[in-house]
Amino acid sequence: MNESYHHSKKKFLKRLLIVFTLGSTFLFFTYATTPYANNLKKHFKDSRIEFGGWIHGGATLNPSQAGGYNGPVAFADQANRFQLNQFNLFLQRPVISETRKWDFGGRFDFLFGTDAIFTQAFGVPTFDVNSGEPLNRNNWDLNLCCSSTRTYGIALPQAYLEVHVPIGKNGINLKAGHFYSPTGYETIPAPDNFFYTRAYSFNAGEPFTHTGLQANYIVNNNWSVSGSAVTGSATGGWDSGWDKQLGNWGGVAGITWTSDNQATSLNVTGTYGKISTRSDESWGMYNIVFQHKINPKTLLVLHHVHGYAGDVLLNNLKYTNVVKNAEWIGFVTHLYHDLTDNLSIGVRGEWFRDRDGFRNPSPFRVAAATNIVNGVATSYAGNISSVTITPADYYAATIGLNWKAAKTLKLQSEALKKLNIRPNIRYDRVDALHTTAYRPFAGNKDQILFSLDFVIPF
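A short tour of the structure in this document, coming up. Just so it is clear, the model here is predicted, and its values are computed rather than measured.

### Brief notes about the pattern of salt bridges
When their charged atoms lie close together, side chains carrying opposite charge are able to pair. Tallied over the full model, the rule gives 17 salt bridges. The salt bridge partner of D431 is R429, with a shortest N-O separation of 3.5 Å. For R429, a relative accessible area of 30% corresponds to the partly exposed category. Residue D431 is classed as partly exposed on the basis of its relative accessible area of 21%.

Structure representation (structure tokens):
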């Protein structure tokens, strides 16, 4: 009876959170249309409080798929259908940095859409990666709603307090809470990426979020450093929540060099920690991001990632109940050029190796949505028996455009002025490593995707 009571209470609190968040959003937009809107905006401006967000959606045509998913491709992962990827709202008060005064702020993000599952704190997996035993997953934002839809959900990817501490020449910025990972080049928020899809190195090679304490310090015009103490994860400090594995602490550290003319930068960031409270094995990664503006209109980005996890239990097309060290490695090249003020073209090429068949399941969504229901492993996103993974090399090439349509067409609508339309073409191929042929793309070794998506920041 007590267990039933707590289960009902948990469901009630989740529903209350959903109603409160959606209700607050509705009230805000309703209020914004009244004569008091200007007073509200003035109050927010005077207090340096920012409320905003974006809407992001799109569709992918996959000629080799009659339905379902685009293999191991994540984010734009659904074939031949429209996705509302991200309806993201945020409330923040950014701190003023590089001053000799204390300043306080913070940020809270709410995300609804098909990308929610990739953004949630899933760092305590369904099964222990070392032993295969079932784990109790965290209660931060998993399963808040919408499991009946198979694809839509809610995530709370950021919730942190921030303070600027006037120490040293430029002061230190401290974050405490749940925040996006500082690793890599691509990121979760749709407006911060050029392409609809993400690289495998981002999907499978890096963390998405952390929970803990982060410090950032600008040494001078050329150098900055960052460091974090992170917890709440059974995957080495990655994608962690608030209420499980809090005894497992790890670290994230990074250093960035920027040239005097700001045209070139080099960032090296890494994570390291024990896998979980139940294992002394290590889990870590490092990545290197080099950016260079060839000219004011052309940007080159080189990205390398290399990860490691000790003594993990592998079950894939090559290994059955085998415990061994796992590694993954990726190289990504980006090249972007502004054709006009409102039209840009981009090209991305990648090689990603999941050496041991540990990091890149297909479809990713079905694997990520797995949970234990009445003692049985079940995925609300699909049949878990359809999930495949094996040691393999993945190759991907993407070309696309970013078009500021409203500016080009000189539309006067305030709501559409920041509209960005992004047509993409992507080619994927996979080659199995030292095992039988692997065909995760609807029975094929390769596929081609035609996608069209839009982003409207507000």
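### Section: the environment of D46
With respect to the secondary-structure elements, D46 resides in helix α2 (residues 37-47). A residue is classified by how much of its surface remains accessible, and D46, at 53% relative accessible area, is exposed. Distance in space between the C-alpha atoms of D46 and T390 is 55 Å, their sequence separation being 344 residues.

### Regarding a nonpolar patch on the surface
Taken together, L61, I294, L335, V347, I399, I425, Y427, I448 and F450 make up a surface patch of nonpolar side chains, about 730 Å² in accessible area. Within the residue set of the nonpolar patch, elements represented by two or more residues are β18 (420-432) and β19 (446-457). The residue Y427 is located in strand β18 in this model.

### Quick notes on the nonpolar core
With 24 residues, the main nonpolar core has Y200, W283, V312, W328, F358 and Y394 as its most contacted residues. Contributing elements (two or more residues each) for this core: β11 (279-295), β12 (298-315), β13 (320-338) and β17 (392-403). When residues in this core are grouped by element, the largest group, four residues, is from β12. Among residues more than four places away in sequence, those in contact with Y394 are P72, Y200, E350, W351, F352, D354, N360, R429, V430 and Y438. F75, F118, L142 and I188 belong to the second-largest nonpolar core, a separate cluster that totals 15 residues.

### Let's talk about the packing of aromatic side chains
Counting across every chain of the model gives 20 aromatic pairs. Pairing F194 with F195 gives two aromatic rings, centres 5.1 Å apart and planes at 70 degrees, and the pair type is edge-to-face. With respect to class, F194 is no different from F195; both count as buried. For the pair W328 and F358, a centre-to-centre distance of 6.2 Å together with 40 degrees between the ring planes defines the contact as tilted. Residue W328 is found in strand β13, and its partner F358 is found in the loop between β14 (343-354) and α5 (364-368); the two are separated by 30 residues along the sequence. Classification of W328 as buried rests on a relative accessible area of 1%. A relative accessible area of 17% places F358 in the buried class. Aromatic ring contacts, followed pair by pair, group F75, F118, F122, F202, F208 and F364 into a single cluster. The positively charged end of R107 is found above the aromatic ring belonging to F90, 4.1 Å away from the centroid. One Lys or Arg, R359, reaches over the ring of W328 and ends 5.3 Å from the middle of that ring.

Definitions and limits used
- Residues numbered from 1 in each chain as written.
- Predicted model: local features only at pLDDT ≥ 70, side-chain atom pairs only at ≥ 80, totals over all residues.
- Heavy atoms only, no water.
- Salt bridge = Lys/Arg side-chain N within 4 Å of Asp/Glu carboxyl O.
- Buried < 20%, exposed > 50% of the residue type's maximum accessible area, 1.4 Å probe, protein only.
- Helix = DSSP H or I, 4+ residues; strand = E, 2+ residues; numbered from the N terminus.
- Patch = residues over 30% accessible without salt bridge, like charges linked within 9 Å, V, L, I, M, F, W, Y side chains within 5 Å.
- Areas by Shrake-Rupley, 256 points an atom, 1.4 Å probe, with all protein chains shown as cover.
- Core = buried A, V, L, I, M, F, W, Y, C linked by side-chain atoms within 4.5 Å.
- Contact = heavy atoms within 4.5 Å.
- Phe/Tyr/Trp six-rings, centres within 6.5 Å; stacked < 30°, edge-to-face > 60°.
- Lys NZ or Arg CZ within 6 Å of the ring centre and 35° of its normal.

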